[in-house]
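The chain contents come next:
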Amino acid sequence: MFKIWGFLCLCGISISWGHVTFSPSFKQLQMIEESMNSSYDPCEDFYHYACGYWQSKYATADYNEMMGLLEHQINEELKKLLDKEDDLLDESESALGKLKLYYESCMMKENEFLLNYFDYVKPAADSQWPLLQVLEEYESEDWEWPAEGFDIYKLLGILQSYDFNNVLIKIGFHRLWNGTLQIHFEVPQANEAVEATVEGIANAMIFLKFPQELAHKYAEEFMESQDFWKDNYQSYEKESESENQEYLSYEELAKQHPELHILIEAMLPGKMTPEDMVFITNKDYYQFLKDYLASTMASQNITKIVNYLQMKFLDFLYQDAINDCVKEVQDKMDMALSYMYFKEKSKIKEENYNAEILKIVAKIYTNLLQLLNENHSKLESSLVDKLKEKIFHLKLNIGNLPEKVSESKIDEFYDNVKDLLENNYFKNHLILLRHRFFKRLLNYQKQTYSLSHFTSTGYDEDVNMVVVPFGYLQEPLYHQDYDDIFIWSLLGYLMGHEFSHSLDQTGLKHDAQGMETTMYQDILESKQFLETMDCLEAQHEGSNVAERFADTIGIRLAFRAYVNDNRSHLQPRFTYIPWNQLFFLNTAQFYCGSNDEDAVTLHQIVKNSEDFAQAFQCPLGSSLNPEKRCRLF
């Protein structure tokens, strides 16, 4: 982790395409030229002008856009590393040994044994799940689930500790600067991405060896429960009024809401202090939940809700698991995998990447400060000063590894991951889920890395940090020998984009250290800020306004940085394409995907860039040179 003007030690990757050796810049130019379809007017449809043939020339069954290409290339290298490091299996106490064990167990996973998860997660200490008990006693005429020792709140807490959320309860976490933990009890959201059906649930249960009759019976029961809870979430979902909220210490919670205290103790055993705080954001919903569960227990009809929880939990586990085992270990053990790559590729740390990356970072920082000083939107000077202070503390982490990384630091991070087995993915998966959940509760402001997993460049507002994965430092996005125009128009643009997220509507809810704050509220509520966001939304309704905000600033920063850095020689010698057109043609390569959203995104980027309009001499009023642009800085 580095301050943006500090020393950077960076690992980069160089990819060779084909058997003929070309300069990296020549290969990048070739990609651009082979992708172009000049029958389109760039001022009306820049996407098809720049990307018209990208899919036919470069897309494969493994990827259909540059992000996928980068991910595919790095994953191929990671797979080779994971497959060859067999000696790590003898180092089961080290982080890299645990990584190898988890990878091997994933490679041996068979989905038909999904019910094995429930060998390790029980509804009560000595109880079987009702669904599994009825499966075992299917031939029996009469069976009864022994609910002795069962506590529904304890079960909810245990399930939550595996990162299972938004079913009956929804919990959010936040740490204050002094280390105090805040737990927020919220109303779950009825946001099922894919609506379940009786037939779909029944088929899944039949796959898991349930007899057809049982499968349909419990599928119908599940859907009845699903509809019941969805309706209640929606009815209580309306914004909570202040009188419908409750704020109390953990010590007070034990007295006033003992059932929620039981839940938290099961979720975070021994980890809470009396001073930690609990918010109940909708008392009405949690009173309804308490009354409903008490009534259900009293009527001895608890098995229906336990069945529902089990099936929702199993679906969560199935959805969380990734069939590609390289991607699965990236998702669960990304720090260990990044360190393995860093360690294996240590010889390239000696290569001269520092100067190039330092130039990108320092120039983006300098040009962003210049933009703020120019104050295009005429913000009050005091507001601009606050934004400059936020940028001054922005950090950068290449590879998302701890500062002064060492094997012992990586081992310490995975210290609570114990007893992984080479041939038991289901147990291992549960162990890694608990690890992910508990690490999320760290006092993240003190970390020198992000606790989030990034598959692409990203900004973490909780630590005010830009993260660049190792996999992004390779062709066709970056090579240390690229001409400056290719470096600035892709990696420079992406860095500018991520820097700009520190100033968007989410970034400005966090201070320079990443703590939640209201100090920027006057900026967020300023006429200029709100008008810019409304303008971006009006250009394309439903688009991610925060991303488009970062795009408009990122492209301006990168273009400025290239011009300021190459004033004496803007035109590359290896092409007749005008330099300013080449800049945007190379940026476009990042968006040459088959998804219609890529075209919309690219067009919104360039229509808000006066530099693009000048490069292609677009008539005022053409699709991509509107009379009004969305611009804050």
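For the structure, see preceding data.
Here's a quick rundown of the structure. (Residues numbered from 1 in each chain as written. Predicted model: local features only at pLDDT ≥ 70, side-chain atom pairs only at ≥ 80, totals over all residues. Heavy atoms only, no water.)

## Observations regarding the pairing of strand E8 (residues 465-468)
The two faces of E8 match: Met465 and Val467 on one face and Val466 and Val468 on the other face are all buried. Pairing of strand E6 (residues 395-398) with E8 involves 4 bridges; the strand directions are parallel. When the bridges of E8 are listed, Leu396 appears paired with Val466. Relative to E8, strand E7 (residues 458-460) runs antiparallel, the two being bridged by 3 bridges. Along E8, the bridge assignment pairs Gly458 with Val467. (Buried < 20%, exposed > 50% of the residue type's maximum accessible area, 1.4 Å probe, protein only. Helix = DSSP H or I, 4+ residues; strand = E, 2+ residues; numbered from the N terminus. Pairing = 2+ DSSP bridges.)

## A few points about the pattern of salt bridges
With the rule as written, the count across this model stands at 23 salt bridges. Salt-bridge contacts for Glu104 lead to Lys100; the nearest nitrogen and oxygen are separated by 2.9 Å. Taken together, the residues span about one helical turn, with Glu104 and Lys100 both in helix H5 (residues 95-107) at a distance of 4 residues. With relative accessibility at 0%, the residue Lys100 sits in the buried group. With a shortest N-O distance of 2.7 Å, Asp163 and Arg440 are connected by a salt bridge. Highlighted residues: Asp163 in the loop between helix H7 (152-160) and strand E2 (170-175) and Arg440 in the loop between helix H18 (425-439) and E7, separated in sequence by 277 residues. (Salt bridge = Lys/Arg side-chain N within 4 Å of Asp/Glu carboxyl O.)

## Here we look at the state of the cysteines
One pass over the structure, following the stated rule, counts 4 disulfides. One disulfide bridge connects Cys106 with Cys325, the sulfur atoms lying 2.1 Å from each other. On the sign convention where negative means left-handed, the S-S torsion of about -85 degrees between Cys106 and Cys325 marks this disulfide as left-handed. Of the two residues, Cys106 is situated in helix H5 and Cys325 in helix H14 (residues 325-344); the sequence distance between them amounts to 219 residues. Like Cys325, Cys106 is buried. Residue pairing for Cys535: its cysteine sulfur links by disulfide to Cys630, the two sulfurs lying 2.0 Å apart. A torsion of -75 degrees about the S-S bond marks the disulfide between Cys535 and Cys630 as left-handed. Remark: Cys630 occurs in the segment after helix H25 (610-615) and Cys535 occurs in helix H21 (residues 527-539); sequence separation between them is 95 residues. No difference in accessibility class separates Cys535 from Cys630, as the two residues are buried. Across the protein, the disulfide pattern expressed with sequentially numbered bonded cysteines is 1-7, 2-6, 3-4, 5-8. (Disulfide = S-S within 2.5 Å.)

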